[in-house]
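Overview (structure and organization)
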Amino acid sequence: MTRARLPEIAGFALLALGLGAFATAAVPPTPGVAACVAGLVALRRSAAPLTRYVANRCLTMLGALLVISALVFAIIDLPPGDYLSNLIAELRATGQASSVAQAEFLMREYALDRPLVERYAIWMGFWPGPHGFSGILQGDFGRSFELDRPVADVVREGMAFTIGLNLAVVVFVYLTALPLGAISAVKANTWVDYLAALVGYIGLATPNFLLALVLMYYGNVAVGLPIGGGMAREFIGEPMSWAKFGSIALHMVAPVIVIGTAGMAAMMRRLRANLLDELGKPYVVTARAKGVAPATTVIRYPLRMALNPFVADIGNLLPQLVSGSVLVSVVMSLPTIGPTLLAALRSQDLFLSGFILLFVSALTLVGMLISDLLLAVIDPRIRLAT
Amino acid sequence: MKADPDAHYVSDEPYDPAADLKALDRADLDASTWRLILRRFNRHRLAVVSGWFLLAIYLALPFIGFLAPYGATDRDDERIFAAPQAVRLLHEGRFVGPFVYPRVETFDMGAFRMVSEEDRTRPQPLRFFTTCGAPHRFLGLVETSFRVICPPEGGSFNLLGADRLGRDIHSRIMWGAQISLTVGLIGVAVSFAIGLVLGGVAGYFGGLTDAAVSRAIEVVRSLPELPIWLALSAAIPPGWGPVTVFFMISIILGVLDWPGLARAVRSKFLALREEDYVRAAELMGASPKRIIAVHMMPNFMSHLVASCTLAVPSMILGETALSFLGLGIRAPAVSWGLMLNDALDLTAVEIYPWLLAPLAPVMMVVLAYSFLGDGLRDALDPYS
């Protein structure tokens, strides 16, 4: 018995050790990551199916993240030249020799003169760079050349805002899609259903950014919603307070609606279809024949059955939401990392754009992981399958 | 005819209810799959209308030069931010035929904006089926300046107003359709090719190949599309011509879209592999190529066509978003997204709301594709 539980105990211990190293920042992050991975591998041999499933799922996610990081690095490296070599060419052309030497020094400093694979390994922290191991694994995200600041400083505030915005949108999507989808299934082919379908189709067909423009303008004219920006001007740079939080919440109303509408429409249609299938089944007819209250008939079992794909669907929803938030942020000048990404891509600011792309991809991956874990908790069929 | 107290018509022929039922059954059994599909598709009114609408605009694309009153890049200094001119039929209660009232645009130095005034005294009749304006090339071969609608003599015809360079928005929407509508098709073709090959390989061979493709599908599916599209289009060198850029953008749009299709193909393959007729073909020594092309392909092609139709709208919206952000189609070319780029400025939209006009065709086309795709998906499975 104790023998069987050995991998589980060892796994949890290693995982705790790794996470602890992260949390206290006592040792550099690399051993922490290694300990976490080792812990997860050990947990795959655990006796409990749920633990095994979670460990498996986490490991796949880490693998996917690794592949994505390579992909992202290859993509941002595609355009010929980079910010520094463009700068050097420009300086040469204007005859500023001393600055050229400085820029060339920077190129060596950030190992931009080495081949692609080596640069990737240095960026990730698998390979020693000019200053030893110093990459994303070690918590060093590189430097933005254009802004002349560390990437971590540039994106810190934007990252928090991006996560907050996307969370708010997910909550909005679920809170609206659930009742709307359920009502349009129960009242199928009545005016309520058609109205919901119409709203849904408009949400699907209007480009996000235009909805943003229209809503920004009319929201301001009709109910005085603030135009653009993430918070009122006097709060920028202030520490967090209730007043600031209120201001941010008010500014988020329009973007949340804009980003969420398309996803909400798709999710609503799917819930409607699932629930309609379920409502035609004999057990529902039996319940109705036995005189169960109409609301209970729908909510008790059919809704729960139809809800399963609803949770699974977050995998489709999240990439779409993150994309939407990047675009809408540019239009509404929200302080997410969207506008920063656009500027970084335009000026070929390698490390900045690379890190942001990796971050938004990681955001969707983590979201999908959470949805999968939720599903495993809700539905025993899934966690027992592995 | 028998005497009937209520004077209803009753046929004298002997009635056999069983035969009647049988006849109905037979009609459906004998009907070919295509007939069943068509019958079912025709029941979706919205899908039928959408199909005809899309067919009409796609057929019109090569003839835009004849249909648009102006060229795509014709500029008129007098008509900067000109307001829309309505087509009218009655002048002072008298029928004159289709005409417009001339509008005079002046710059209001106080409000710092263009002000447009309609001159209700001079009706200017539109000209039809004549030559006017700069010549355009039909299919790059014949040079002509023949047009279906021409602006009135000495006047202008801006049905949807003009933009900041005095270009006619109505004509530009028509020209922009050429790019905005084909981008989606090329993108879908690219994603279809990748999805079909990868999904087919994974589904047919299974094992390690299947595992590898499935992982790839998972990774690509979890990428947020727009940021990657942005990164890829930022990589297009600035020196490339509009046509090359257009093709690159279409390919970029297709490159991220294949996982959905590949997954559909893979699951269909896995299901069909177990069918007896595939086993029979295998036992008779048919090559994998033949089995896939002759026996399996026809069985899921219809399903794929519906998936493709549903994939086009996201590509059109993607192109619009990219061009809107300035990383898509580039200036001499015209696309709906590029035109909407002017609307990025909220003040301009408030003063000159007709800048948002390209929004209408975008929504119409996207909705039409969605309805058509839904209808096709339902109809292509007539035995369900």
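Residues numbered from 1 in each chain as written. Chains lettered and ligands numbered in written order. Predicted model: local features only at pLDDT ≥ 70, side-chain atom pairs only at ≥ 80, totals over all residues. Heavy atoms only, no water.

1. Re the overall build of chain B
We apply this condition: Under the scheme used here, helices are H or I runs from DSSP no shorter than 4 residues and strands are E runs no shorter than 2 residues, and both carry numbers assigned from the N terminus. Only C-alpha atoms enter the radius of gyration, while the globule expectation follows 2.2 Å times N to the 0.38, with N the number of residues. Relative accessibility decides the category of a residue: with a 1.4 Å probe and only protein chains considered, values under 20% of the type maximum give buried, values over 50% give exposed, and everything between is partly exposed. Contacts were defined at the residue level, with two residues in contact if any of their heavy atoms lie within 4.5 Å.
Counting its secondary structure elements, chain B contains 14 helices and seven strands. Taken over C-alpha atoms, the radius of gyration comes to 28 Å for chain B, far larger than the 21 Å a tight globule of 384 residues would show. Judged by the C-alpha coordinates and their principal axes, chain B covers about 80 × 80 × 40 Å. Taken over 384 residues, chain B has a buried fraction of 46%. Across chain B, contacts joining residues at least 24 apart in sequence account for 67% of those joining residues at least 6 apart.

2. Things to note about the overall build of chain A
Quick note on the threshold: Only the protein chains shown count as cover for residues, and the accessible areas themselves come from Shrake-Rupley with a 1.4 Å probe.
Across its full length, chain A carries 16 helices and two strands. Counting all 386 residues of chain A, 45% fall into the buried class. Long-range contacts, defined here as pairs at least 24 residues apart, represent 67% of the contacts in chain A between residues at least 6 apart. Accessible surface, chain A: about 19000 Å² in total, of which carbon and sulfur atoms supply 69%.

3. A closer look at the side chain of B:Arg147
All names here are of chain B. Condition: Between N or O atoms, a polar contact is any pair within 3.5 Å; within protein, one atom must be a potential hydrogen donor and the other a potential acceptor, and residues adjacent in sequence are included only when both atoms are from side chains.
Within the secondary structure layout, Arg-147 lies in strand S7 (residues 142-150). For Arg-147, a relative accessible area of 1% puts it in the buried group. In this structure the side chain of Arg-147 is engaged in a polar contact, spanning 3.2 Å, whose partner is the backbone oxygen of Ala-68. Dropping the residues within four chain positions of it, Arg-147 is found in contact with Gly-65, Phe-66, Ala-68, Pro-69, Tyr-70, Gly-71, Phe-129, Thr-130, Cys-132, Gly-133, Ala-134 and His-136.

4. Description of the domain arrangement of chain A
Residues and elements named next belong to chain A. Which entries qualify depends on this criterion: Domain borders in the structure are assigned automatically or taken from a domain database. Once two parts are brought into contact, the accessible area they lose, counted with a 1.4 Å probe and summed over both, makes up the buried area. Criterion for a salt bridge: a side-chain nitrogen of Lys or Arg within 4 Å of a carboxyl oxygen of Asp or Glu.
What the domain assignment reports for chain A is domain 1 (3-77), domain 2 (83-140) and domain 3 (151-378). In this assembly, domain 1 packs against domain 2 so that about 830 Å² is buried in total across both faces, 73% of it on carbon and sulfur atoms. The tally of links from domain 1 across to domain 2 stands at one salt bridge. In this structure, the salt-bridge partner of Asp-77 is Arg-119, at a minimum N-O distance of 2.7 Å.

5. Observations concerning the environment of B:Met114
All names here are of chain B. Summarising the element assignment, Met-114 is placed in strand S4 (residues 113-118). When its relative accessible area of 17% is taken as the criterion, Met-114 is described as buried. Expressed as a C-alpha distance, the spacing of Met-114 and Ile-80, which sit 34 residues apart in the sequence, is 7.7 Å. Excluding its chain neighbours within four sequence positions, the residues that come into contact with Met-114 are Ile-80, Phe-81, Glu-105, Thr-106, Phe-107 and Tyr-352.

6. Overview of the packing of aromatic side chains
Given two aromatic rings, their pairing is described by the distance between the two centres and the angle made by the two planes. Residues and elements named next belong to chain A. Short version of the rule: In this scheme Phe, Tyr and Trp rings, the latter by its six-membered ring, pair at centre separations within 6.5 Å, and the angle between planes marks the pair as stacked below 30 degrees, edge-to-face above 60, and tilted otherwise.
Throughout the structure, instances matching the rule amount to six aromatic pairs over all chains. Seen in terms of ring centroids, Phe-73 and Tyr-120 are 5.8 Å apart; in terms of plane orientation they differ by 55°. Their pairing is tilted. Residue Phe-73 is located in helix H3 (residues 49-76), and its partner Tyr-120 is located in helix H6 (residues 116-124); the two are separated by 47 residues in the primary sequence. For the residue pair Phe-73 and Tyr-120, the accessibility class agrees, reading buried in each case. Taking 6.5 Å as the distance between ring centres and 20° as the angle between the ring planes, the aromatic pair formed by Phe-355 and Phe-359 counts as stacked. Pair noted here: Phe-355 and Phe-359 are both in helix H15 (residues 350-378), with a separation of four residues, about one helical turn. With relative accessibility at 6%, the residue Phe-355 sits in the buried group.

7. Thoughts on the domain arrangement of chain B
Taken domain by domain, chain B consists of domain 1 (86-157) and domain 2 (172-380). If you average the C-alpha positions of domain 1 of chain B and of domain 2 of chain B, the two centres end up 39 Å apart.

8. Digging into the pattern of salt bridges
Taken as a whole and judged by the stated rule, the model has eight salt bridges over all chains. Between A:Glu278 and A:Lys281 there is a salt bridge, and its shortest N-O distance comes to 3.5 Å. Between B:Asp163 and B:Arg167 there is a salt bridge, with the nearest N and O atoms lying 3.0 Å from each other. Accessibility classification places B:Asp163 together with B:Arg167 in one group, the buried group.

9. With respect to the pairing of strand S3 (residues 103-108) of chain B
Residue and element names in this part refer to chain B. For the record, the criterion: For two strands to pair, DSSP has to find at least two bridges joining them.
Where S3 meets S4, six bridges bridge the pair, whose relative direction is antiparallel. Note on S4: the bridge partner recorded for Phe-107 is Met-114. Between the end of S3 and the start of S4, which pair antiparallel, lie four residues, with Phe-112 showing a positive phi angle near 55°.

10. Re a nonpolar patch on the surface
In plain terms, the rule: Candidates for patches are residues over 30% relative accessible area with no salt bridge; among them, like charges are joined within 9 Å and nonpolar side chains (Val, Leu, Ile, Met, Phe, Trp, Tyr) within 5 Å.
Judged by side-chain polarity, A:Trp191, A:Leu195, A:Leu198, A:Val199 and A:Ile202 come together as a nonpolar surface patch covering roughly 530 Å² of accessible area. Along the polypeptide, A:Leu195 turns up in helix H8 (residues 191-205).

11. What to know about the pairing of strand S1 (residues 88-91) of chain B
Residues and elements named next belong to chain B. Relative to strand S2 (residues 94-100), S1 runs antiparallel, the two being bridged by three bridges. Looking across to S2, one finds that Leu-90 is bridged to Phe-95. Where S1 folds back on S2, the antiparallel hairpin that results is connected by two residues, among which Glu-92 adopts a positive phi of roughly 50°.

12. Examining helix H4 (residues 83-94) of chain A
Residues and elements named next belong to chain A. Rule in force here: For a helix, the expected span equals 1.5 Å multiplied by the number of residues minus one. In this description, one arc is meant: the one made by directions from the helix axis to the C-beta atoms.
Here H4 spans 17 Å end to end across twelve residues, near enough to the 16 Å set by a 1.5 Å rise per residue. Turning to H4, its buried residues number three or more, namely Tyr-83, Leu-84, Ile-88 and Leu-91. An end-on view of H4 places all buried positions within 130° of arc, on one side of the element. Facing away from the buried surface of H4 by more than 90 degrees, the exposed residues are Glu-90, Arg-92 and Ala-93. Gly-95 occupies a position one or two residues after H4 and carries a positive phi of about 75°.

13. Digging into the sheet that holds strand S5 (residues 124-125) of chain B
Residue and element names in this part refer to chain B. If you trace the three strands from one edge of the open sheet to the other, you get S1-S2-S5, paired in antiparallel fashion. In this open sheet, the two edge strands, each paired with only one partner strand, are S1 and S5. In terms of strand pairing, S2 meets S5 through two bridges, oriented antiparallel. Each bridged residue has a counterpart across the sheet, and for Val-100 the counterpart in S5 is Gln-124.

14. A look at the nonpolar core
What counts, and what does not: By nonpolar core we mean a set of buried residues, namely Ala, Val, Leu, Ile, Met, Phe, Trp, Tyr and Cys, connected to one another through side-chain atoms within 4.5 Å.
B:Leu230 and B:Met296 are the most contacted members of the largest nonpolar core, which totals 183 residues. In contact with B:Met296, other than residues within four places in its own chain, are B:Tyr204, B:Phe269, B:Leu272, B:Arg273, B:Val278 and B:Ile291.

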